[in-house]
Amino acid sequence: MNPLSEISVLVAGSGAVRAHPTRGGPCYVVTIDGKNLLFDCGRCAVHNISRFSIPVETVSAVYITHLHFDHICDLPLLLLLSWNNGRTERMPVYGPKGIAGFLENGLRLAYTNDIKSRQGHGKNTDYLGWDTTELTQEGVVVETESYTIDTLVTKHGGLLNFNYRIRIADKIVVIMSDSEPDPRIVDFCRGANIVLIECSGTKEFFDTVPWGSWHTTPEQVGQLMRDAGAKKVVLKHLVIESFRDNDPKVSESMADTIRTVYPDGEIFVGEDGMKFDI
Ligand SMILES: [Zn+2]
Ligand SMILES: [Zn+2]
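Residues numbered from 1 in each chain as written. Chains lettered and ligands numbered in written order. Predicted model: local features only at pLDDT ≥ 70, side-chain atom pairs only at ≥ 80, totals over all residues.

## So, helix α9 (residues 248-261)
Our working definition: Secondary structure counts use DSSP, requiring at least four H or I residues in a row for a helix and at least two E residues in a row for a strand, with both numbered from the N terminus. By definition here, a helix of n residues has an expected span of 1.5 Å times n minus one. With C-beta atoms placed from the backbone, a residue counts as buried when 20 or more other C-beta atoms lie within 10 Å of its own, as exposed when 12 or fewer do, and as partly exposed for counts between those limits. Think of the arc as the fan of directions from the helix axis to the C-beta atoms.
Relative to the 20 Å expected for 14 residues at 1.5 Å per residue, α9 spans 21 Å between its end C-alpha atoms, a close match to the ideal helical length. Residues of α9 that are buried include every one of Ser251, Met254 and Ile258, and no others. The arc that holds every buried residue of α9, seen down its axis, measures 60 degrees, which confines them to one face. Seen from the open side of α9, the exposed residues pointing more than 90 degrees away from its buried face are Lys249, Glu252 and Thr260.

Shown next as structure tokens:
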């Protein structure tokens, strides 16, 4: 691996399911020596990566954490639009078992008429193509000369759920999924240069919604990141704001809770367009 690799991490969407005036749904881009790896492809992902100067046709591969719609709803659009814009290679798509069926139904079948129409003016459907790797268990997903990507499976909403870790020489970037707390997260994130981790809401908030137990509280985020010694911690999937008049103070207050538990960490409230050079 090249120790001089240039690495950046972009928060393309810091929000989650609900519409929010400034937060798109889950989408993060890890760029390694100019190669754009996209993690999750939720609401506004395609629009946002364009806003943040990543043309859709320059995405090299897609990694999906789980099959909740807020993490995959823009994936058909990403594949269609990159094809439209001149993508010339099949897109590798990694995700939980079921991702292939999602694309067959949600893209190839759903857009049958559109695809036929575009073939009529000479568009080559070879380049619409994608190659899915359906993950069923944790472990190494990809190994290249410059980086390795492996996963940790954690519980979330009864779905097969993958957290991704990218190792580039001595650098570690972790893109966590939505997740219940799990002590194994500590080892998975140990010594990471940066961890993007969900901060969906407070315990008091989770007690009021039926899906609250699927997620991690700010106190738990603080403990996990402190025990892992993660250097930069970026909070994302900020659901609660959408229930609190989109007031950013709600997220800042969760960040303060985390800082209390983990005073040595650098804690950031994610914003769409926030970019870190690693
Ligand atoms: Zn989600
Ligand atoms: Zn989810």
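Anyway, onward from the coordinates.
## A few points about the pairing of strand β12 (residues 232-236)
Inclusion rule: Pairing between two strands requires that DSSP report at least two bridges joining them. The definition of a right-handed crossover adopted here requires that, viewed with the strands pointing away, the path from the first strand over the helix to the second runs clockwise.
Counting buried residues along β12, four of its five residues qualify, which places the element largely inside the surrounding structure. Sheet analysis places β12 next to strand β13 (residues 266-269), joined by four bridges and oriented parallel. Pairing of Val234 across the sheet is with Phe268, part of β13. Following the backbone out of β12, through α9 and into the adjacent parallel β13, one traces a crossover that is right-handed.

## A closer look at the packing of helix α8 (residues 218-228) against α9
A pair of packed helices is characterised by two quantities: the angle between their axes and the separation of those axes. As a reminder, the rule being used: Axis lines are fitted through C-alpha atoms, for helices just across the contact stretch, and the angle between N-to-C directions can take any value from 0 to 180 degrees. Here the angle decides the label: under 35 degrees means roughly parallel, over 145 means roughly antiparallel, 65 to 115 means roughly perpendicular, and every other value means oblique. Left-handed describes a crossing in which the near helix is turned anticlockwise from the far one by less than a right angle; the clockwise case is right-handed. Any pair of residues counts as being in contact when their C-beta atoms, constructed from backbone geometry, are within 7 Å of one another. Three classes are used: nonpolar for Ala, Val, Leu, Ile, Met, Phe, Trp, Tyr, Cys and Pro, charged for Asp, Glu, Lys and Arg, and polar for all others, with Gly counted as polar.
Across the interface, α8 lies against α9 with an axial gap of 8 Å and an inter-helix angle of 40 degrees. Considering the angle they form, α8 stands oblique to α9. α9 is crossed by α8, and the crossing has right-handed handedness. Contact residues: α8 offers Pro218, Glu219, Val221, Gly222, Gln223 and Arg226, while α9 offers Met254, Thr257, Ile258 and Val261. For the contact of α8 with α9, the residue count by class is five nonpolar, three polar and two charged.

## With respect to the environment of Cys44
Mapped onto the secondary structure, Cys44 falls in the loop between β3 (35-39) and α1 (45-51). When the C-alpha positions of Cys44 and Ala12 are compared, they lie 8.8 Å apart, and in sequence the two are 32 residues distant. Apart from the residues lying within four places of it in its own chain, the contact partners of Cys44 are Gly13, Gly24 and Gly25.

## Some thoughts on the pairing of strand β8 (residues 148-153)
Sheet topology places strand β7 (residues 140-143) next to β8; three bridges connect them, and they run antiparallel. Within the sheet, the bridge partner assigned to Val142 lies in β8 and is Ile149. Linking β7 back to β8 in an antiparallel pair, the connection comprises four residues.

## Description of the nonpolar core
What counts is decided by this rule: The term nonpolar core means buried Ala, Val, Leu, Ile, Met, Phe, Trp, Tyr and Cys residues held together as one set by C-beta atoms within 7 Å.
Core analysis: the largest hydrophobic core is formed by 75 residues, its most contacted members being Tyr28, Val173 and Val195. Val195 has contacts with Val174, Met176, Cys189, Met225, Ala230 and Val233, leaving out every residue within four places of it along the chain.

## Some details on the environment of Lys155
For Lys155, the position within the fold is in the loop between β8 and β9 (162-168). Overall, the presence of 13 C-beta atoms within 10 Å leaves Lys155 in the partly exposed class. When the C-alpha atoms of Lys155 and Asn105 are compared, they prove to be 26 Å apart, with 50 residues separating the residues in sequence. With sequence-adjacent residues up to four places away left out, Lys155 is seen in contact with Asn161, Glu180 and Asp182.

## Looking at unusual backbone geometry
In this model, Ser53 sits at a positive phi of 70 degrees, which is unusual for a non-glycine residue. As for its position among the elements, Ser53 is in the loop between α1 and β4 (59-63). Its identity as a non-glycine residue notwithstanding, Asn246 has a phi of 55 degrees, on the positive side. Summarising the element assignment, Asn246 is placed in the loop between β12 and α9.

## Quick notes on the sheet that holds strand β1 (residues 7-13)
An order of β6-β5-β4-β3-β2-β1-β14 is seen for the seven strands of this open sheet, with the pairing classed as mixed. At either margin of the open sheet sits one strand with a lone partner, and together these are β6 (130-135) and β14 (274-277). Here the average twist between neighbouring strands, direction ignored, is 20 degrees. Two strands pair when backbone bridges link them, and β4 and strand β5 (residues 91-96) are joined in this way by two bridges, in the parallel orientation. Within the sheet, the bridge partner assigned to Tyr63 lies in β5 and is Tyr94. Of the strands in this sheet, β5 and β6 are in contact with helix α4 (residues 99-109), which crosses β6 at around 145 degrees.

## Some words on the sheet that holds strand β10 (residues 171-175)
If you trace the seven strands from one edge of the open sheet to the other, you get β7-β8-β9-β10-β11-β12-β13, paired in mixed fashion. Since the sheet does not close on itself, it has two edges, and those belong to β7 and β13, each with one partner. The sheet shows a mean angle of 20 degrees between the axes of neighbouring strands, direction not considered. Sheet topology note: the β10/strand β11 (residues 194-198) ladder contains three bridges and is parallel. Opposite Ile175, over in β11, you have Leu196 as the bridge partner. Contacts from α9 reach β12 and β13, with the element oriented near 165 degrees to β13.

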